[in-house]
Amino acid sequence: MFFLWPQFLWLLLALPLLVLLYLWLLRRKKKMALRYASLSIVKEAMGVGQSVRRHIPPVLFLLALALMLVAAARPTAVITLPSNQQTIMLAIDVSGSMRATDVLPSRIVAAQTAAKAFLAELPRTVKVGIVAFAGSAQVAQIPTVNREDLVSAIDRFQLQRGTAIGNGIVMSLATLFPDAGIDLQSLQNGRERQRGFAIDEERKEKKEFTPVAPGSYNSAAIILLTDGQRTTGVDSLEAAKIAADRGVRVYTVGIGTVDGETIGFEGWSMRVRLDEETLKGIASKTQAEYFYAGTAADLKKVYETLSSRLTVEKKETEISGLMALAAAALALLSAGLSLAWFNRIL
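Residues numbered from 1 in each chain as written. Predicted model: local features only at pLDDT ≥ 70, side-chain atom pairs only at ≥ 80, totals over all residues. Heavy atoms only, no water.

A.B. asks: Describe the overall build of the chain, listing the residues and the values that go with them.
C.D. replies: Along the chain, the regular secondary structure elements total eleven helices and eleven strands. Of the contacts formed within the chain by residues at least 6 apart in sequence, a portion of 79% connects residues at least 24 apart. Summed over all atoms, the accessible surface of the chain reaches about 18700 Å², with 57% contributed by carbon and sulfur. (Helix = DSSP H or I, 4+ residues; strand = E, 2+ residues; numbered from the N terminus. Contact = heavy atoms within 4.5 Å. Areas by Shrake-Rupley, 256 points an atom, 1.4 Å probe, with all protein chains shown as cover.)

Structural data, given as structure tokens:
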């Protein structure tokens, strides 16, 4: 716990003085009671039979006062709160290797099924967009809260050659920040602009941009799922740096074979290997996490975990209001007990 105004904590030193004052008042009351001739009057004045109960209201009031002073110091604590995440981009690999059946019934079907389950778990207020990438990247569905449109976009996936992981990240960022001038063409070192890119054909002027702390942008996140390593397009870690500079977290999910496997696609034979090192690097650079899903069940659990992570978040929050509320409740309880037991307040 930290305090924004710690200087107010010095006021807590007054509490022992109040305790001493209370003890002095009790002793003074006892001396006054001894002046009475009748023993029954003395017992009544001293509160015999109520020795514990008589101290409860003052103790509660003292605790209330302590909480008020702590609240005045404006304490902060890391607590779990509902996330203000507004948009999530799903960047899904649709390269030919996704037809492999080491993840039953196939990698692509498992990915589609898990993505649909993920959508069902998210609150309806969260917008979701979908980017499909292989040798190129294109927006399959702009961010929307319409789950039916999202499911339809997932069902329309078609496998293609190549794996441009960096393009998938950049395309997701361009969708999240349509007015930021994120230019995929310049990032590809003059290569031909890839078909399906969502930015206008005319090259936009590059806008001045000041990087922010990685992971500091809490209104959006990217979930990147792939089963291979980059074969074309923007460098994956370069794309991750662009995301990090904008504060966007990129959660990476690796599916399939870590050691590598040879599969066939459209008459071609290809060797595919999951590049875990790069995926971990992307997640680390953007202050996110990497998940490995070796089976369809694993993939479903990964998406369930991501759903819970993205709908709640831990953040440092000022809790002075809660402490003030607790202090008021203790003060009222103290006054109520004093009135009920002794017909007076303290």
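A.B. asks: Residue-level account of the sheet that holds strand 10 (residues 290-293), with values.
C.D. replies: What the six strands build is an open sheet, ordered 5-4-3-6-7-10; its pairing is mixed. For this open sheet the edge positions go to strand 5 (137-144) and strand 10, each flanked by a neighbour on one side alone. Taken pair by pair, the neighbouring strands of this sheet meet at an average axis angle of 15 degrees, ignoring direction. Judged from the six bridges that link them, strand 3 (residues 87-93) and strand 6 (residues 220-226) form a sheet pairing that is parallel. Bridge assignment links Ile-88 to a residue of strand 6, and that residue is Ala-221. Packing against the sheet, helix 4 (residues 107-121) makes contact with strand 3, strand 4 (127-133), strand 6 and strand 7 (249-255), and its axis sits at approximately 170 degrees to strand 3. Across the sheet, helix 5 (residues 147-155) lies against strand 4 and strand 5, angled at about 165 degrees from strand 5, the strand it touches most. (Pairing = 2+ DSSP bridges. Axes fitted to C-alpha atoms, helices over the stretch in contact; angles between N-to-C directions.)

A.B. asks: Quick rundown of the packing of aromatic side chains? Include the residues and the values.
C.D. replies: Counted by the stated rule, this structure contains three aromatic pairs. For the ring pair Phe-118 and Tyr-303, a centre distance of 5.3 Å and an interplane angle of 50 degrees mean the geometry is tilted. One end of the pair, Phe-118, is in helix 4; the other, Tyr-303, is in helix 10 (residues 296-311), with 185 residues separating them in the sequence. A residue is classified by how much of its surface remains accessible, and Tyr-303, at 2% relative accessible area, is buried. (Phe/Tyr/Trp six-rings, centres within 6.5 Å; stacked < 30°, edge-to-face > 60°. Buried < 20%, exposed > 50% of the residue type's maximum accessible area, 1.4 Å probe, protein only.)

A.B. asks: Tell me about the nonpolar core, and name the residues and values.
C.D. replies: Side chains of a nonpolar character, in soluble globular proteins, are inclined to be buried together. Core analysis: the largest hydrophobic core is formed by 69 residues, its most contacted members being Leu-90, Phe-118, Leu-173, Ile-223, Leu-224, Leu-225 and Leu-299. If we skip the residues at most four places from it in the chain, Leu-173 touches Ile-182, Ile-222, Ala-239, Ile-242, Ala-243 and Val-248. Of all hydrophobic cores here, the second largest spans five residues; its members include Val-70, Ala-71, Ala-77 and Ile-319. (Core = buried A, V, L, I, M, F, W, Y, C linked by side-chain atoms within 4.5 Å.)

A.B. asks: Outline the packing of helix 3 (residues 56-72) against helix 11 (residues 320-342), listing residues and values.
C.D. replies: When two helices pack together, their arrangement is given by the angle between the helix axes and by the axis-to-axis distance. Running from amino to carboxyl end, helix 3 crosses helix 11 at an angle of 165 degrees, the nearest separation of the two axes being 8 Å. Between helix 3 and helix 11, the angle is such that the two are roughly antiparallel. Between helix 3 and helix 11 lies a crossing of left-handed hand. Classifying every residue of the contact of helix 3 with helix 11 gives 21 nonpolar, three polar and no charged. (Parallel < 35°, antiparallel > 145°, perpendicular 65-115°, else oblique. Left-handed = near helix turned anticlockwise from the far one by under 90°. Nonpolar A, V, L, I, M, F, W, Y, C, P; charged D, E, K, R; others polar.)

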